Amino acid sequence: MNKGLLLVISAPSGGGKGTILKELFAQDENLRLSVSATTRSPRPGEEHGKQYYFLSREEFEGLIQEGKMLEHAEYVGNYYGTPRQPVEDWMEQGHDVVLEIEVKGGAQVKQLMPECVSIFILPPSMKVLEKRLRGRGTEEEETIQKRLAKAREEIPHAKDYDYIVYNDALEDAVSDLRAIIQAEKLRFCRNTNSIERVLEDAETVC
Ligand code: ADP
Ligand code: 5GP
């Protein structure tokens, strides 16, 4: 069995990560989503252990010191990070694992695990991004302004990613992401046993 892919997916807040990934997960049962830890407060409907592990700053810093975070970063005044163990276990079991993380964390993972596949989701324009962020209705005006300013900082980092997915029509974005995963699984470096496997029974045939 081949080890699973590590997929690093970033986008500015409101870029559509959550929406695209919900569709993707409905279509691909081999995928696993890493549940991050954060020090931000839960939004209405969010549950500890489901969308995030909601921790105090002290708890979060304890996990960093114990080496239990694969990566971590500060984003708009809060810590966010990826617990290491579930990611490593799922990949060993052959599952493809998605990290939905911001750009500083994405850069840390790329350096630590260069074989990861990094994908940046781009909105069609800043105007559309603002409209979608407002339309989601989950943030106060001040937070929306901070997230839009952050988006302007983050979008230039798209150049450091392996792939760009444009989130204009949702179904196109989802099928582009699926195409990337499919092509990455077919890379020779991830199929080094296949030649031996094909030739294995050559003696009995010839
Ligand atoms: P993120 O997880 O990156 O912060 P969301 O997935 O929450 O972003 O998307 C932000 C808002 O934009 C949501 O209200 C979502 O329904 C909407 N949205 C996302 N993708 C599209 C799309 N392709 N077309 C129209 N609306 C979209
Ligand atoms: P939100 O508060 O909207 O859920 O997330 C804010 C930002 O933090 C998003 O860009 C999201 O991708 C990022 N994020 C979520 N989890 C992690 C994580 O584990 N590590 C890092 N570096 N960023 C994360």
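That block above? That's the structure.
Residues numbered from 1 in each chain as written. Chains lettered and ligands numbered in written order. Predicted model: local features only at pLDDT ≥ 70, side-chain atom pairs only at ≥ 80, totals over all residues. Heavy atoms only, no water.

### Quick notes on the packing of aromatic side chains
Following the criterion strictly, the structure yields 5 aromatic pairs and no others. Between the aromatic rings of F60 and Y79, the centroid separation amounts to 4.8 Å while the plane-to-plane angle is 5°, which identifies the pairing as stacked. Taken together, the residues F60 in helix α2 (residues 57–65) and Y79 in strand β6 (residues 78–83) connect sequence positions 19 residues apart. Note on F60: relative accessible area 0%, which makes it buried. Three or more aromatic residues joined by ring pairs form one cluster here, namely Y52, F54, Y75 and Y80. Note that R57 overlies the ring of Y79, its terminal NZ or CZ placed 4.5 Å from the centroid. (Phe/Tyr/Trp six-rings, centres within 6.5 Å; stacked < 30°, edge-to-face > 60°. Helix = DSSP H or I, 4+ residues; strand = E, 2+ residues; numbered from the N terminus. Buried < 20%, exposed > 50% of the residue type's maximum accessible area, 1.4 Å probe, protein only. Lys NZ or Arg CZ within 6 Å of the ring centre and 35° of its normal.)

### Description of the site of ligand 2
Close contacts around ligand 2 come from 16 residues, with S36, R40, Y52, Y80 and E102 the closest. In this structure, R43 approaches ligand 2 through a side-chain N or O atom, which is 2.8 Å from an oxygen atom. One of the backbone nitrogen or oxygen atoms of E100 is found 3.4 Å away from an oxygen atom of ligand 2. Within the complex, 96% of the 510 Å² of free accessible area of ligand 2 lies under protein. A per-class count over the shell around ligand 2 returns 5 nonpolar, 4 polar and 7 charged. (Near = heavy atom within 4 Å. Polar contact = N/O pair within 3.5 Å; in protein donor to acceptor, adjacent residues only side chain to side chain. Areas by Shrake-Rupley, 256 points an atom, 1.4 Å probe, with all protein chains shown as cover. Nonpolar A, V, L, I, M, F, W, Y, C, P; charged D, E, K, R; others polar.)

### Comments concerning the pattern of salt bridges
For the coordinates displayed, the defined rule picks out 17 salt bridges. Here R134 ties to E130 by a salt bridge, and the two come within 2.7 Å at their closest N and O atoms. Here E130 and R134 lie together in helix α5 (residues 126–136), a separation of 4 residues that amounts to about one turn. Where E139 meets R147, a salt bridge forms, and the shortest distance between an N and an O atom there is 3.7 Å. Linked through salt bridges whose partners overlap, the residues forming this network are R40, R43, E46, R136, E139 and R147. (Salt bridge = Lys/Arg side-chain N within 4 Å of Asp/Glu carboxyl O.)

Keep in mind that these numbers describe shape and distance, not what the molecule does.
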